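Understanding the architecture of this molecule
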Amino acid sequence: MSQPSPRDTGPATVTSIGGGIGQSARRLDGVPKVTGEFPYASDLRLDGMLWGVTVRSPHPYARIRSVDTAGALATPGVHAVLTHTDVPGTNLTGVEHADQPVLAVDVVRYQGEAIALVAADDEGTARRAAARVVVDYEVLEPVTDARAALASDAPALHERGNLVRHRRLRIGDAEATAEVVVTGEYRTAMQDPAFLDPEAGLAVPDGEGGVDLYVATQGLHSDQRQICAALGLPPERVRLTLAGVGGAFGGREDLSLHVHVCMLALRTGRPVKMVYSRAESFVGHPHRHPAVMRYEHGFRPDGTLVYVRGEVVLDGGAYASTTAEIVANVGAMGTGPYVVPNVAMDCYGVYTNNLPCGAMRGFGMVQVTFACESQMDKAAAALGMDPVELRIRNAMHEGAKVPTGQLLDSPAPVAELLRRVREAPMPPGPLPPGRTEPSHASGDEPDTTGQDGVRRGVGYAVAYKSIAFSEGFDDYSTARVRLEMSAGEPTVTVHTAAAEVGQGVMNVEAQICRTELGVDRVVVRPRDTAIGSAGPSSASRQTYVTGGAVKAACERVRDQVLALARRRTGEEALYLEEGKITSDSGNVLLALGDVLGDEAVEETVTWRHRPTYPIDPRTGQGFAHMQYAFAAHRAVVEVDTGLGLVKVVELACAQDVGKAINPQAVEGQIHGGSVQGLGLALMEEVRADGGRVANASFTDYLIPTIADVPPMRVDVLELADPHAPYGLRGVGEPPTISSTPAIVAAIRAACGRELPRVPVRPEDIVGLPRVPRASSTSPTA
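Residues numbered from 1 in each chain as written. Predicted model: local features only at pLDDT ≥ 70, side-chain atom pairs only at ≥ 80, totals over all residues. Heavy atoms only, no water.

It is worth spelling out empty space enclosed by the protein at this point. Tallied over the full model, the rule gives five cavities of 30 Å³ or more. Of the pockets and cavities examined, the largest cavity occupies roughly 350 Å³. The residue makeup of the lining of the largest cavity, split by class, is 13 nonpolar, nine polar and four charged. (1 Å grid on protein atoms, 1.4 Å probe; cavity = no way out; pocket = protein on both sides within 12 Å on 5 of 7 lines; lining within 4 Å. Points joined across faces, edges and corners; volume = space filled by probe spheres on them. Nonpolar A, V, L, I, M, F, W, Y, C, P; charged D, E, K, R; others polar.)

Below, the structure written as structure tokens:
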């Protein structure tokens, strides 16, 4: 059986010409994506392949009495039907904590849990056969309220109980008092990553007991580790190649079909393809945690923050995924980008029978920032202060300490970002009677637009988030860089396992190579496990960590080339510029081809950022994060207060990126993140009733379309982080975090209502009693 060609399985090796650090180089995959020629994972194909389908539980919580596969096996065209007894290795997986069965054994803990697998000649036959697998269930009462799951008398969903993790943060005086106190309870719904290309993969057996897997993922080596454990095979027998990824946003960090499709391929001895339906995708990956958050903020009359006390409960769903790590993030940064001398925070991650929740863009900070920024607006009203000035008065800054006690030793321009969005020109629109300038206030006097019942509101929010992995995690990336003459032209080949999920990391690698080696032509290899790990494409880390590895490998290659040139010229002070060896005086001494000849210079480097350390579990103190990133938003909305309809007129964002490696890509990340935050503010919610999903389709689960996206003003600051390659900061997550609370603040300013929950519904604005709806959060008011 021949191996699939790159044309069949995903992005091919690509050649990049032109564009170094700081330039808006054209995306390497841009043209094929625009023309429809880009092969996504769901386009995978190979002659003679079979189709795989998963049998899933219709119940959120049930015991499995028996599984009868006879009817499926008797279906013509079926080649294999597998259950948990066929898992060759460990029947548990998990991106950080292995607690989720590959295939359920005696209990299912959420609607959609995988029970059996079918491989058949075509997809239709496989699905018909899957429907003939008979499972006898004892249906149990699901636990769907995260707070109730923490009660001592709640059914234990796992052997260790229902608490995934508790993070405690204590600084200063836990009993501190203040003259002005504001309290609030806030809730956020479950949000789906909603990537457009569903989960898909193709497994090809090698005929020697091993397998090649072509799959859309965020982390090749993390997947490989889990797959090897489940298959009982060493890493050299399980080889992964990244197929075309149609969006990720955290939802591809966990395994989905990976082990399943490999099991079917190894059992049948034939290539097997799996592609999830949209409804299956909704239950096939983790989501953003629903949260219930209680906060109390204390201020002096001049607006100085005295204390923050908070309790956050995150609904982790049926399995841990990255819940424990998100709890750690929330516990460390859940007071917002402000200097607070006294903090008492508790964050809990909880097992329930809802869909599993895990990583999603913002990693816990979306939820708590909505709550904290809502509190700041409430406090501004109580103090009679401008909400932006209140934030500026308490803003973090370089030299300040974050709540974990860590010193901010790089720029932290919270106040500057707020000033920039406040001072940005307002979008055109009618002003209230008697006013000659647009109002910058949020929550005092709503602007009218001249239409009956339609009011304009302005809102602000600011956010921060850690970059890369934290708390002592060994966070690294490996890069291989090769320089040689090819067809008479100096050519650099760069190879990493950094998953290209749309963020443009392949471009970053090429730009670094051109900048460091002065070579125009760069070949970027496909992402696979033939090279050492680059870690997952998450935590806004790839440009920093893989960029750092590529830069370090290029530097070593350059050192070798210059060493060769010194031996040729006898001169010490030499430089590599634009494919030529130059002297200290700028004279060209040699062409690069003269130095290399027929030889190649190659270096492989594993690079780590500066170390982080575990946090003290009693106090929450410690150097947990190696970098923070900051963003602020201003939202302008028009609200029909009679119908409860919202139009976002404009979003303005200011963000510090340290160094814009590719300015156009940076702007694209800010636009995309802002829109994802808009989705949570106004429409996105996975609804469930008793753990049963009610809207598992893009007909009923609404995401923003181009008609919902407003004009955006983007103000990019480049305040270099001295600890980072090129001074850069991670970009992708902060705009998602601050856009949601800014939009809700603007709606509050227009309608005058508290709006303690997202997404905001029309009945919230109109003031009707909340319509009972299926919800995956704890019960709502």
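The structure having been displayed, the exposition proceeds.
What follows concerns the sheet that holds strand 25 (residues 601–608). Strand order in the open sheet made by the five strands is 1-21-20-19-25, with mixed pairing throughout. Each edge of the sheet is formed by a strand with only one pairing partner; in this case those strands are strand 1 (14–17) and strand 25. Between one strand axis and the next, the sheet turns by 25° as a mean value, whatever way the strands run. As paired strands, strand 20 (residues 489–496) and strand 21 (residues 521–524) are joined by four bridges and run parallel to one another. In the sheet register, threonine 491 faces strand 21, and the bridge partner there is arginine 521. Along the sheet, helix 13 (residues 505–517) makes contact with strand 1, strand 19 (476–486), strand 20 and strand 21, crossing strand 21 at roughly 145°. Here helix 14 (residues 542–569) sits on the sheet in contact with strand 19, strand 20 and strand 25, set at roughly 145° to strand 25. (Pairing = 2+ DSSP bridges. Helix = DSSP H or I, 4+ residues; strand = E, 2+ residues; numbered from the N terminus. Axes fitted to C-alpha atoms, helices over the stretch in contact; angles between N-to-C directions. Contact = heavy atoms within 4.5 Å.)

Let us look at the pattern of salt bridges. Counted according to the given criterion, the structure contains 42 salt bridges. With its nearest N and O atoms 2.9 Å apart, the salt bridge here joins arginine 167 to glutamate 471. Taken as a pair, arginine 167 in strand 8 (residues 163–171) and glutamate 471 in the loop between strand 18 (454–466) and strand 19 lie far apart in primary sequence, 304 residues in all. Glutamate 471 gets classed as partly exposed once you look at its relative accessible area, which sits at 22%. Linking glutamate 516 and arginine 558 is a salt bridge whose minimum nitrogen-to-oxygen distance equals 2.8 Å. With a gap of 42 residues between them, glutamate 516 in helix 13 and arginine 558 in helix 14 connect regions that are remote in the sequence. (Salt bridge = Lys/Arg side-chain N within 4 Å of Asp/Glu carboxyl O. Buried < 20%, exposed > 50% of the residue type's maximum accessible area, 1.4 Å probe, protein only.)

So, about the side chain of arginine 757. Following the sequence through the fold, arginine 757 ends up in strand 31 (residues 757–758). Of note is the side chain of arginine 757, whose polar atom sits 2.6 Å from the side chain of glutamate 685. (Polar contact = N/O pair within 3.5 Å; in protein donor to acceptor, adjacent residues only side chain to side chain.)

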